[in-house]
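Summary of structural features
The chain contents come next:
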Amino acid sequence: MNAQILEHPALSQKKQRESLSRALEITENMLVMAKAGHWDRVRQLEEQRRTHLDQCLSKPVEHKDVQMFSDALGALLSLNDKLVSCVQDTNEQYEQKRQSTIKAVALASNYLNI
């Protein structure tokens, strides 16, 4: 006989809320890691965050949880905007360093040609 265990809806809703909460915590941690320049850790956390977001968004949200989900997703999007800004700032810093290096190499090359 093939036994199938059905998950109680209340338990499923609890897991859905926990997954959203965990995704929010991970996003906060991603921002901290990004500000510290730990981009490998940000990438690892993104994988975890996607798993939790997939879990919490795989089923419809119960009516009683709509406002809570809306607020949490709004906070998550706000954190994500800050994370994107951090990525852009880092890209700008690297571009400035790259340009400085190009100038330094050109100056050194000119010196060697004298």
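Residues numbered from 1 in each chain as written. Predicted model: local features only at pLDDT ≥ 70, side-chain atom pairs only at ≥ 80, totals over all residues. Heavy atoms only, no water.

**Describing the packing of helix α2 (residues 39-57) against helix α3 (residues 66-112)**
- The interhelical angle for the contact between α2 and α3, taken along N-to-C directions, is 155°, at an axis separation of 14 Å. The angle between the axes of α2 and α3 places the two elements in the roughly antiparallel class. In this structure, α2 meets α3 at a crossing whose hand is left-handed. Judged by residue contacts, W39, R49, L53 and C56 of α2 engage F69, L76, N80, C86, V87 and T90 from α3. (Axes fitted to C-alpha atoms, helices over the stretch in contact; angles between N-to-C directions. Helix = DSSP H or I, 4+ residues; strand = E, 2+ residues; numbered from the N terminus. Parallel < 35°, antiparallel > 145°, perpendicular 65-115°, else oblique. Left-handed = near helix turned anticlockwise from the far one by under 90°. Contact = heavy atoms within 4.5 Å.)

**Some words on the environment of K82**
- Its location among the elements puts K82 in helix α3.
- Judged by relative accessible area, K82 falls into the partly exposed class, the value being 47%.
- Along the sequence, K82 and E28 sit 54 residues apart, while their C-alpha atoms lie 9.9 Å from each other. (Buried < 20%, exposed > 50% of the residue type's maximum accessible area, 1.4 Å probe, protein only.)

**Looking at α2**
- The end-to-end C-alpha separation of α2 is 26 Å, in line with the 27 Å expected for 19 residues at 1.5 Å each.
- Of all the residues in α2, the buried ones are V42, L45, E46, R49, L53 and C56. Seen along its axis, α2 keeps its buried residues to an arc of 120°; they face one direction. Those residues of α2 that are exposed and aimed more than 90 degrees away from the buried face are D40, R50 and D54. (Expected span 1.5 Å × (residues − 1). Arc of directions from axis to C-beta.)

**Structural notes on the pattern of salt bridges**
- A complete count under the given rule lists 8 salt bridges for this structure.
- For E25, the salt bridge is made with R22, and the minimal N-O distance between the two is 3.1 Å. Of this pair, E25 and R22 both sit in helix α1 (residues 9-35), separated by 3 residues, roughly a single helical turn.
- By relative accessible area, E25 is classed as partly exposed at 40%.
- Within this structure, R17, K64 and D65 form a network of salt bridges that share partners. (Salt bridge = Lys/Arg side-chain N within 4 Å of Asp/Glu carboxyl O.)

**Things to note about α3**
- The end-to-end C-alpha distance of α3 is 68 Å, a good match for the 69 Å that 47 residues give at a rise of 1.5 Å each.
- Within α3 the residues assigned to the buried category are F69, A72, L76, L79, L83, C86 and T90.

**Quick notes on the side chain of Q13**
- Structurally, Q13 can be placed in helix α1.
- Among all residues touching Q13, those that are not within four sequence positions of it are E62 and K64.

**What about the environment of V61?**
- Looking at the element boundaries, V61 is found in the loop between α2 and α3.
- Under the relative-accessibility criterion, V61 is labelled partly exposed at 30%.
- Non-local contacts of V61, meaning those with residues more than four positions away in its chain, are made with Q16, V66 and F69.

**Examining the confidence of the model for the protein**
- The predicted model of the protein averages 88 in pLDDT, with 89% of residues at 70 or higher.
- The spread of mean pLDDT over the elements of the protein runs between α3, the lowest at 90, and α2, the highest at 95.
- Low pLDDT (under 50) marks residues 1-6, which in the prediction has 0 contacts with non-local residues, meaning those over four places away or in another chain. (pLDDT = per-residue confidence, 0-100.)

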